[in-house]
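# Observations on the model geometry
If you want the building blocks of each chain, they are given just below.
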Amino acid sequence: QKEVEQNSGPLSVPEGAIASLNCTYSDRGSQSFFWYRQYSGKSPELIMFIYSNGDKEDGRFTAQLNKASQYVSLLIRDSQPSDSATYLCAVIAQGGSEKLVFGKGTKLTVNP
Amino acid sequence: GAVVSQHPSWVICKSGTSVKIECRSLDFQATTMFWYRQFPKQSLMLMATSNEGSKATYEQGVEKDKFLINHASLTLSTLTVTSAHPEDSSFYICSASVSGPDTQYFGPGTRLTVL
């Protein structure tokens with residue numbers, strides 16, 4: 001059973017702070033890693049994807065991947081109240097499949 | 001670009017009836033479409049993967065005779081929940097892929113409530 005684990009939170013940070021979201025996965029052969037943002041009652045929207053070990057930055061967002069530790073994280077700098085949402089980590093296993101396995105998500109609240 | 005629509009956005013039906021949900025890629029042709037289900041405070045769970053013109057591939061535990069998927073064209077896939085029961089009440093989300101998971105675009109979802 002391929003699993004993706006996230007702390008459900010809620011994670012609460014003040015506006016302007018750095019929010020750190022973490023995710024671990026069980027399938028060591030996983031190749032592709034995604035972070036989605038989901039507002040309440042809405043469908044997920046892709047924030048970032050990362051394939052290689054290390055950091056990947058896109059604006060205020062930085063994804064970090066450590067395949068040896070089977071760990072992927074998302075940092076949100078200068079957090080804004082509009083960042084308040086549930087953040088879903090998703091993983092694709094090896095083998096060329098496009099099937100995403102999602103974690104349950106971490107609920108983030110950014111307080112003004 | 002890369003817009004995926006779903007219709008209806010919400011539906012309420014009586015137990016025992018069937019409900020059809022449409023998923024359309026509006027401005028691109030999708031090689032693959034996916035159907036997910038999400039219960040409150042739970043993760044998105046993949047139900048099935050469909051390619052145009054071929055039978056859908058269902059995930060373990062998903063009843064293919066209950067959740068009928070038709071992928072009639074490169075821009076349209078439908079999910080029919082047959083003989084719906086209250087436990088089928090959920091948020092159903094489709095996604096469409098052009099080429100690879102980083103081009104998988106999600107529809108806005110359909111909230112199904114079965115009374």
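Refer to the structure printed above.
The following refers to the structure shown.

What counts as what
Chains are numbered independently. Their residues run from 1 in the order of the written sequence. Written order decides the labels, with chains lettered from A and ligands numbered from 1. With the structure being a predicted model, the display of local features is reserved for residues of pLDDT at least 70 and the display and counting of side-chain atom pairs for 80 or more, all residues being used for whole-chain, interface and lining totals. The side-chain values count all of the structure's non-hydrogen atoms but skip hydrogen atoms and water molecules. Only DSSP runs of H or I covering at least 4 residues are called helices, and only runs of E covering at least 2 are called strands; the numbering of each starts at the N terminus. Two things to know: the radius of gyration comes from C-alpha atoms, and the globule rule equals 2.2 Å times the number of residues to the power 0.38. Remark: exposure states derive from per-residue accessible area (1.4 Å probe, protein chains only) relative to the maximum for the residue type, with buried under 20%, exposed over 50%, and partly exposed in between. Every residue pair with non-hydrogen atoms within 4.5 Å of one another is taken to be in contact. Each accessible area value is a Shrake-Rupley result obtained with a 1.4 Å probe; residue values ignore everything except the protein chains displayed when judging cover. Positive charges come from Lys and Arg, negative ones from Asp and Glu, while His and the chain ends are left out of the count. Lysine's charge is taken at NZ, arginine's at CZ, aspartate's at CG and glutamate's at CD. What counts as a disulfide here is a pair of cysteine sulfur atoms lying within 2.5 Å. Any two strands between which DSSP finds at least two bridges are classified as paired. Note on geometry: axes are lines fitted to C-alpha atoms, helical ones only across the stretch in contact, with angles between N-to-C directions running from 0 to 180 degrees. Put simply, a salt bridge is a Lys or Arg side-chain nitrogen that is within 4 Å of an Asp or Glu carboxyl oxygen.

From N to C terminus, chain B includes zero helices and 11 strands. What you see in chain B, going N to C, is helices and strands ordered as β-β-β-β-β-β-β-β-β-β-β. Taken over C-alpha atoms, the radius of gyration comes to 13 Å for chain B, in line with the 13 Å a tight globule of 115 residues would show. The buried share of chain B, reckoned over its 115 residues, is 50%. Across chain B, every contact between residues at least 6 apart in sequence was considered, and the portion connecting residues at least 24 apart equals 54%. For chain B, the accessible surface area stands at approximately 5600 Å², while carbon and sulfur atoms represent 54% of it. Across chain B, the mean location of the 9 positive side-chain charges is 7 Å away from that of the 9 negative side-chain charges.

With that out of the way, let us pick up the state of the cysteines. Under the criterion given, the structure shown has two disulfides over all chains. The residue that forms a disulfide with C23(A) is C89(A), at a sulfur-sulfur distance of 2.1 Å. Of note, the bridge from C23(A) to C89(A) carries an S-S torsion of about -70° and is left-handed in sense. With a gap of 66 residues between them, C23(A) in strand β3 (residues 19-25) and C89(A) in strand β9 (residues 85-92) connect regions that are remote in the sequence. No difference in accessibility class separates C23(A) from C89(A), as the two residues are buried. At a sulfur-sulfur separation of 2.0 Å, the disulfide partner of C23(B) is C94(B). Its torsion about the S-S bond being 80°, the disulfide of C23(B) and C94(B) is classed as right-handed. Of the two residues, C23(B) is situated in strand β3 (residues 19-25) and C94(B) in strand β9 (residues 90-97); the sequence distance between them amounts to 71 residues. You'll find C23(B) and C94(B) in the same group, each marked buried.

On to the sheet that holds β3(B), then. Residues and elements named next belong to chain B. The four strands lie next to each other as β1-β3-β8-β7, forming an open sheet whose pairing is antiparallel. What marks the edges here is a single partner per strand, and that holds for β1 (4-7) and β7 (67-73). In this sheet, neighbouring strand axes are inclined to one another by 15° on average, regardless of whether the strands run parallel or antiparallel.

All names here are of chain B. Applying the stated criterion to the full structure yields six salt bridges over all chains. Between R24 and E22 there is a salt bridge, and its shortest N-O distance comes to 3.5 Å. Given a relative accessible area of 34%, R24 falls into the partly exposed group.

We now examine the pairing of strand β6 (residues 54-58) of chain A. Residue and element names in this part refer to chain A. Relative to strand β7 (residues 61-66), β6 runs antiparallel, the two being bridged by five bridges. Directly across from K56, in β7, lies its bridge partner A63. Between β6 and the antiparallel strand that follows it, β7, lie two residues; G59 among them carries a positive phi value of about 65°.

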